[in-house]
Amino acid sequence: MAVPQTPLPERILSGDIRAIARACSLVENRAPQSADILKALFPHSGRAFTLGITGSPGAGKSTLTSALISELRRRQQRVAAIAVDPTSPFSGGAILGDRIRMAAHHEDPGVFIRSMATRGALGGLAPTTHDLALLLDAAGFDWILIETVGVGQDEVDIARLAQATAVVLAPGMGDEVQAIKAGILEIADVFVLNKADQPGAARLEQDMHEWPRPLVKTVATTGEGLPELCQTLASIRANLPTRRIEAHWDYRLRQMFAERVVARLDPQAVAQAVQRVAGRECDPYTIIEEWLKV
């Protein structure tokens, strides 16, 4: 007689790494059972601190993330890291560059690392990053680090997902700082001046004085400045305003609703509507009103 298998959500809540990895794949691929898994896990979420790590390519985000994992583990914290990589033009999956750079943590049972492909999504995140973060939160991790692609000034979606956002800067970006003022600098809760041992670090620090955010200098390759960064993040976590969490769910609920509405549209009806609008037979505003009545 076959022994009944323990439901996947129960295995996730017990810390079963294989179950967590399996559920991550189901969620990322939007398998039919993924919604039920997330529903079961939601009551057990809301305890982890979610930190977004973003910044321009070359700032050392992956190295910093790996160093931060090491520092948090020294503090006996369980850490999950989601590394959002560009989509491979060949396989459609993540290129996995970040996973390779974090390989030092592979044998640590207190660390879980998952690479996700953007799958064409803009904003530096993958379409299901939000759901994956919820899953890992419910799985009992204390910290969830989300390293974004690093696409520049348009990469602001992470601020809507994470409870706090660290924007990583590096020497040599002085002119670029001026160019991206209206972008990712505005979403920072803390600036991390990485590669602080390199020429130009002092100038960059001076350039950032006009921004009223904490700035922590680090050298991720040696771990310098990581204890100070953890202390700053702990302070941010302790003073996290309720409105930040409410803003996240306001954005997420609207996003989920929009996704469901689009999913319900009949592809053939959409194609016909496109032809009608393109042929000037109907205006797009009327089309939307018709769709909302469905």
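Here's what I pulled together on the structure shown here. Model, not experiment: these values are computed from the prediction.

**As for the overall build of the protein chain**
Okay, step 1: In terms of helices and strands, the protein chain carries 13 helices and seven strands.
Okay, step 2: A burial count over the protein chain gives 46% of its 294 residues as buried.

**Considerations on the pairing of strand E3 (residues 111-117)**
Okay, step 1: Burial runs high along E3: seven of the seven residues are buried.
Okay, step 2: By the alternation rule, side chains of E3 split into Val111, Ile113, Ser115 and Ala117 and Phe112, Arg114 and Met116, which are all buried.
Okay, step 3: Where strand E2 (residues 79-85) and E3 come together, seven bridges link them in parallel fashion. Pairing of Ala81 across the sheet is with Ile113, part of E3.

**Concerning the packing of aromatic side chains**
Okay, step 1: Under the criterion given, the structure shown has four aromatic pairs.
Okay, step 2: Relative to Trp211, the ring of Phe191 has its centre 6.5 Å away and its plane inclined at 80 degrees; by these criteria the two rings are edge-to-face. Of the two residues, Phe191 sits in strand E6 (residues 190-193) while Trp211 sits in the loop between helix H9 (201-207) and strand E7 (215-217), which places them 20 residues apart along the sequence.
Okay, step 3: Classification of Phe191 as buried rests on a relative accessible area of 0%.
Okay, step 4: In this structure Trp211 comes out as buried when scored by relative accessible area, which is 13%.

**A closer look at the sheet that holds strand E1 (residues 49-54)**
Sheet strands pair via backbone hydrogen bonds, and the direction of the pair is either parallel or antiparallel.
Okay, step 1: Taken in spatial order, the seven strands make up an open sheet running E3-E2-E4-E1-E5-E6-E7, and their pairing is parallel. Edge positions in the sheet fall to E3 and E7, since each of these pairs with one other strand and no more. Averaged over all pairs of adjacent strands, the angle between strand axes in this sheet comes to 20 degrees, irrespective of strand direction.
Okay, step 2: Note: E6 against E7, three bridges, orientation parallel. By the bridge assignment for E7, Val192 is matched with Val216.

**Focus on the packing of helix H12 (residues 267-278) against helix H13 (residues 284-292)**
Okay, step 1: At their nearest, the axes of H12 and H13 sit 10 Å apart, and the two run at 160 degrees to each other. Between H12 and H13, the angle is such that the two are roughly antiparallel. Our pair here, H12 against H13, has a crossing hand that is right-handed. Facing H12, whose interface residues are Val270, Ala273, Arg276 and Val277, H13 presents Pro284, Ile287, Glu290 and Trp291.

**A few points about the environment of Asp85**
Okay, step 1: If you trace the backbone, Asp85 turns up in strand E2.
Okay, step 2: Its relative accessible area of 4% is what places Asp85 among the buried residues.

**Here we look at the pairing of E6**
Okay, step 1: Of the two faces of E6, the one carrying Val190 and Val192 and the one carrying Phe191 and Leu193 are both buried.
Okay, step 2: Judged from the four bridges that link them, strand E5 (residues 164-169) and E6 form a sheet pairing that is parallel. Across the sheet, residue Leu169 finds its bridge partner in E6, namely Leu193.
Okay, step 3: Following the backbone out of E6, through H9 and into the adjacent parallel E7, one traces a crossover that is right-handed.

**Comments concerning H12**
Okay, step 1: In a regular helix each residue adds 1.5 Å, so 12 residues correspond to 16 Å; H12 covers 16 Å between its end C-alpha atoms and thus fits that length.
Okay, step 2: Directly after H12, the chain includes Arg280, whose backbone phi takes a positive value near 65 degrees.

**Things to note about the packing of helix H6 (residues 129-138) against helix H11 (residues 242-264)**
Okay, step 1: Here H6 crosses H11 at 125 degrees, and the two axes come no closer than 12 Å. Taken together, the axis directions place H6 and H11 in an arrangement best described as oblique. As H6 packs across H11, the resulting crossing turns out to be left-handed. Counting all contacts with H6, which are made through His130, Asp131 and Leu134, the residues of H11 involved are His248, Trp249, Tyr251, Arg252 and Gln255.

**Topic: the pattern of salt bridges**
Okay, step 1: Per the stated rule, a full pass over the model turns up 14 salt bridges.
Okay, step 2: For the salt bridge of Glu71 with Arg75, the shortest nitrogen-to-oxygen distance reads 3.1 Å.
Okay, step 3: Look at Glu71 and you get buried, because its relative accessible area is 8%.
Okay, step 4: Between Arg260 and Glu259 there is a salt bridge whose closest N-O contact spans 3.7 Å.
Okay, step 5: You can call Arg260 partly exposed: its relative accessible area is 47%.

**Some details on the environment of Arg78**
Okay, step 1: As for its position among the elements, Arg78 is in the loop between helix H4 (61-74) and E2.
Okay, step 2: Between the C-alpha atom of Arg78 and that of Trp143, which follows or precedes it by 65 residues, the distance is 6.5 Å.
Okay, step 3: Residue contacts for Arg78: discarding those within four places in its chain leaves Arg73, Gly110, Ala139, Gly140, Phe141, Asp142 and Trp143.

Parameters at a glance
- Residues numbered from 1 in each chain as written.
- Predicted model: local features only at pLDDT ≥ 70, side-chain atom pairs only at ≥ 80, totals over all residues.
- Heavy atoms only, no water.
- Helix = DSSP H or I, 4+ residues; strand = E, 2+ residues; numbered from the N terminus.
- Buried < 20%, exposed > 50% of the residue type's maximum accessible area, 1.4 Å probe, protein only.
- Pairing = 2+ DSSP bridges.
- Phe/Tyr/Trp six-rings, centres within 6.5 Å; stacked < 30°, edge-to-face > 60°.
- Axes fitted to C-alpha atoms, helices over the stretch in contact; angles between N-to-C directions.
- Parallel < 35°, antiparallel > 145°, perpendicular 65-115°, else oblique.
- Left-handed = near helix turned anticlockwise from the far one by under 90°.
- Contact = heavy atoms within 4.5 Å.
- Right-handed = clockwise from strand over helix to strand, strands pointing away.
- Expected span 1.5 Å × (residues − 1).
- Salt bridge = Lys/Arg side-chain N within 4 Å of Asp/Glu carboxyl O.

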